[in-house]
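The primary structure of each chain is shown beneath.
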Amino acid sequence: MYGILEATSSHSTGKLLQKTLRQAVINIVEAMQQLATDLRLQGPQGSKKQLQSTGNVWETCDSVLQLSRDNKSLVLLELSSVAAMVKDALGEIEEALRTDTESRWSELGDVLDEFSDDAWTEVDRELIAPCLGLVKTAKACLKKVSAAIQTNADCCIDGHIQHLDELVDNVQALSPAVDDLVCCLYPPLDKDAVRLNATKLSTAVNIVLHFFRGSYFCGAADEEWINFLCNAVNHNLDKVKGLCPTLNGSVA
């Protein structure tokens, strides 16, 4: 416990590591408080609730031993977590689109589509395509950044650790931006909402790409895929804007 507290007070550990270790300590303290409450209310007779509380204390203590002790490992875990959420959101909307397509092959599906607001039109699908392109670009961005961090990042210099912390702050904006965009792609589509959330996601992806480009863990070989993804973001966003003009008819 003392070693953990000492680690959280060290500037060289980085913000993400400090936050993770502090939360681990809080979890242990809360588990011990619950056990103490159970003992006070029920006595040391070994009730089921007391045994559960005891097991929770052991579980939280054991979890500390599994924690990463450097920012690089934690950043990679965070990138993996965000990538999984983006993948899930993309998978759900793609599955819904496949199911909708299959229903159109049945006579009953054709009849229901005529009276339902819960079916996509061909115009909707044309708009959805570049939106999914933006989501796939976010997914690719996370994959490429993770690979670069694995190869180039270190935790030996405070400035390098700070770069990792800042990268995580930027990356954490991707998952909610993806969720917001995907959620508004379900019928009936609100084109204003689609345009707004597509713009927000493109901004979030560009922030990650531009930050990565200026970081120490960006190598010369990374320039090609950064440029490719930047162009993909702009291309897909331009398509969305073209299909969702503003009230005055502008696509800017």
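Just so we're clear, the structure is a prediction, and the values are computed from it rather than from any experiment.

### Quick notes on the packing of aromatic side chains
One pass over the structure, following the stated rule, counts 4 aromatic pairs. Consider the rings of Phe212 and Phe217, whose centres lie 5.7 Å apart with planes at 40 degrees: the pair is tilted. We classify Phe212 as buried; its relative accessible area is 0%. In this structure Phe217 comes out as buried when scored by relative accessible area, which is 0%. Ring geometry for Phe212 versus Trp225: centroids 5.3 Å apart, planes at 45 degrees, classification tilted. Residue Phe212 is found in helix H9 (residues 191–213), and its partner Trp225 is found in helix H10 (residues 223–243); the two are separated by 13 residues along the sequence. Among the aromatic residues, those joined into a cluster by ring pairs are Phe212, Tyr216, Phe217 and Trp225.

### Thoughts on the packing of helix H6 (residues 122–152) against H10
Helix packing for two helices is described by the angle between their axes and how far apart those axes are. Contact geometry for H6 and H10: axes closest at 9 Å, N-to-C directions at 160 degrees. The angle between H6 and H10 falls in the class roughly antiparallel. Crossing angle aside, the handedness with which H6 passes H10 is left-handed. For the pair formed by H6 and H10, the contact residues are Glu126, Leu127, Pro130, Cys131, Gly133, Leu134, Thr137, Ala140, Cys141, Lys144 and Val145 on the first element and Trp225, Leu229, Ala232, Val233, Asn236, Leu237, Lys239, Val240 and Leu243 on the second. By residue class, the composition of the contact of H6 with H10 is 14 nonpolar, 3 polar and 3 charged.

### Quick notes on a positive patch on the surface
A grouping of Lys87, Lys139, Lys143 and Lys144 is seen on the molecular surface, where their side chains present a positively charged patch. Looking at the positive patch, the element that brings in the most residues is H6, giving 3 residues. The residue Lys87 is located in helix H4 (residues 71–103) in this model.

### Brief notes about the side chain of Ser175
Mapped onto the secondary structure, Ser175 falls in helix H8 (residues 174–183). Excluding its chain neighbours within four sequence positions, the residues that come into contact with Ser175 are Val82, Met85 and Val86.

### Topic: the state of the cysteines
Taken as a whole and judged by the stated rule, the model has 0 disulfides. Of the cysteine sulfurs around Cys141, a residue in no disulfide, the closest is that of Cys230, at 8.6 Å. The class for Cys141 is buried, based on a relative accessible area of 0%. No disulfide involves Cys183; its nearest neighbouring cysteine sulfur is the one of Cys184, lying 7.8 Å away. Cys183 sits in the exposed class, given a relative accessible area of 57%.

### Focus on the nonpolar core
Val145, Ile149, Leu167, Leu181, Val194 and Leu201 are the most contacted members of the largest nonpolar core, which totals 56 residues. For this core, the secondary structure elements donating two or more residues are H4, H6, helix H7 (158–171), H8, H9 and H10. In this view, Leu181 contacts Cys131, Leu134, Val135, Val194, Asn197, Ala198 and Leu201; residues no more than four positions away in its chain are not counted.

### Regarding a negative patch on the surface
Residues Asp88, Glu92, Asp179 and Asp180 make up a contiguous surface patch of negative charge. Going through the elements one at a time, H4 and H8 are the ones with two or more residues in the negative patch. Looking at the element boundaries, Glu92 is found in helix H4. Judged by relative accessible area, which is 52%, Glu92 ranks as exposed.

### Topic: H9
Across its 23 residues, H9 extends 32 Å between first and last C-alpha, which sits within 8% of the 33 Å expected from 1.5 Å per residue. If you check the start of H9, you find a side-chain oxygen 3.0 Å away from the backbone N of Asp192, and it comes from Asp190.

### Some points on the confidence of the model for the chain
Summary statistics for the chain give a mean pLDDT of 84 and a share of 81% for residues scoring 70 or more. Below a pLDDT of 50 lies the segment residues 7–11, which in the model reaches 8 contacts outside its immediate sequence neighbourhood of four places, other chains included.

### Things to note about unusual backbone geometry
Following Pro187, the chain continues to Pro188 via a peptide bond in cis, the omega torsion being -5 degrees. Structurally, the position occupied by Pro188 is in the loop between H8 and H9.

### Regarding the environment of Leu16
Relative to the helices and strands, Leu16 resides in helix H2 (residues 15–42). Among the residues examined, Leu16 registers a relative accessible area of 13% and is labelled buried. Expressed as a C-alpha distance, the spacing of Leu16 and Ile161, which sit 145 residues apart in the sequence, is 9.3 Å. Apart from the residues lying within four places of it in its own chain, the contact partners of Leu16 are Asn71, Leu74, Val75, Asp165 and Val168.

About the thresholds
Residues numbered from 1 in each chain as written. Predicted model: local features only at pLDDT ≥ 70, side-chain atom pairs only at ≥ 80, totals over all residues. Heavy atoms only, no water. Phe/Tyr/Trp six-rings, centres within 6.5 Å; stacked < 30°, edge-to-face > 60°. Buried < 20%, exposed > 50% of the residue type's maximum accessible area, 1.4 Å probe, protein only. Helix = DSSP H or I, 4+ residues; strand = E, 2+ residues; numbered from the N terminus. Axes fitted to C-alpha atoms, helices over the stretch in contact; angles between N-to-C directions. Parallel < 35°, antiparallel > 145°, perpendicular 65-115°, else oblique. Left-handed = near helix turned anticlockwise from the far one by under 90°. Contact = heavy atoms within 4.5 Å. Nonpolar A, V, L, I, M, F, W, Y, C, P; charged D, E, K, R; others polar. Patch = residues over 30% accessible without salt bridge, like charges linked within 9 Å, V, L, I, M, F, W, Y side chains within 5 Å. Areas by Shrake-Rupley, 256 points an atom, 1.4 Å probe, with all protein chains shown as cover. Salt bridge = Lys/Arg side-chain N within 4 Å of Asp/Glu carboxyl O. Lys, Arg positive; Asp, Glu negative; His and termini not counted. Charge placed at Lys NZ, Arg CZ, Asp CG, Glu CD. Disulfide = S-S within 2.5 Å. Core = buried A, V, L, I, M, F, W, Y, C linked by side-chain atoms within 4.5 Å. Expected span 1.5 Å × (residues − 1). Polar contact = N/O pair within 3.5 Å; in protein donor to acceptor, adjacent residues only side chain to side chain. pLDDT = per-residue confidence, 0-100.

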